[in-house]
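Remarks on the overall topology
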Amino acid sequence: MSRYAAPLGDRPSRVVVLGAAVVVLAGVGAPADAAAGEPVVSGAIVNSGRDVVVGITHDVMFPVTVSGSDDSGLSFVDVDLKGPHGGFYTTDAFCESATTCTAAFTVNAHPAPGSDDPVDLTNANAGTWSVDALADANDGASVFAPRAGSFSLKRAAQLTVNASPEPVTKGARITVNGKLVRANWDTYRYAGYAGQTVHLQFRPKDSSTYATVVAVKSSSTGTLRAAVKAVKDGYWRWNFTGTTTTGPAKATGDHVDVRP
């Protein structure tokens, strides 16, 4: 599968390629001067409206559903995805109804086991991607919708947490450590994510809701540290909301037993 392609014309050639990446797609209407009876691309839903977040070990698969209409019904769709620094995926699919056509995409950022096969993604490809759609109707007419929408393709992040000492006397200080890392699509490893705002949150033992206690910047290696007062039994975690190139992450809560 090729990640790159020559610039597309008004009607891109149809190529069957397994592979791709996508997420939120805004609707597109027909051109203002579209003649009556011509097919229309009205919008699409990608990955159920969620960002596509990719790590370094598993393929990520998701659907792209293109919606539209035509007097004779839609029959076939080509979908092209274009990203930063030449990122490119394309695939096609027969329509499952007269108004919807769903194409399946797969992306990865890891080499095939035991091989030197090139991966689909590099770090430079993370960010905002655009979507082109070419829809064919049963009567042979077609419509090309360039830049029909956009989506975010992001590097996966992970967080750890460790609160100590435990147990601890009420009113004493505890130290909560952690580390924020994100997938490096160039080296196939997770590495520290520096200079990011991460929230330390607490949930009392008898509650299901976390509240932010303090915000901390990650160090040059992604480490996190905060000293807080122990008030009651509960769980401590770090929460990272993500960036334009990196997905969100939450650590599993670390329980601390607070004694009188």
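You'll find the structure just up there.
I will try to describe carefully the structure that is included in this document. (Residues numbered from 1 in each chain as written. Predicted model: local features only at pLDDT ≥ 70, side-chain atom pairs only at ≥ 80, totals over all residues. Heavy atoms only, no water.)

A word on the overall build of the protein
The helix and strand tally for the protein stands at zero helices and 19 strands. Here the protein, with 260 residues, has 47% of them falling under the buried criterion. A total of about 12500 Å² of accessible surface is found on the protein, and carbon and sulfur atoms cover 52% of it. (Helix = DSSP H or I, 4+ residues; strand = E, 2+ residues; numbered from the N terminus. Buried < 20%, exposed > 50% of the residue type's maximum accessible area, 1.4 Å probe, protein only. Areas by Shrake-Rupley, 256 points an atom, 1.4 Å probe, with all protein chains shown as cover.)

Details of the pattern of salt bridges
Inspection of every chain in the model, using the stated rule, returns four salt bridges. A salt bridge links Asp 51 to Lys 154, with the shortest nitrogen-to-oxygen separation between them at 2.9 Å. On the criterion of sequence distance, the pair formed by Asp 51 in the loop between strand 1 (40-46) and strand 2 (52-54) and Lys 154 in strand 8 (residues 142-155) is long-range, its members being 103 residues apart. Residue Asp 132 pairs with Lys 82 through a salt bridge whose shortest N-O separation is 2.9 Å. In this pair, Asp 132 is assigned in strand 7 (residues 127-137) and Lys 82 in strand 4 (residues 74-82), connecting sequence segments 50 residues apart. (Salt bridge = Lys/Arg side-chain N within 4 Å of Asp/Glu carboxyl O.)

Some details on the environment of Pro 39
For Pro 39, the position within the fold is in the segment before strand 1. Relative accessible area serves as the criterion here: at 3%, Pro 39 is assigned to the buried category. Sequence separation between Pro 39 and Asp 136 is 97 residues; the distance between their C-alpha atoms is 7.5 Å. Beyond its immediate chain neighbours, meaning those up to four positions away, Pro 39 contacts Ser 69, Asp 70, Leu 74, Ala 137, Ala 141, Ser 142 and Val 143. (Contact = heavy atoms within 4.5 Å.)

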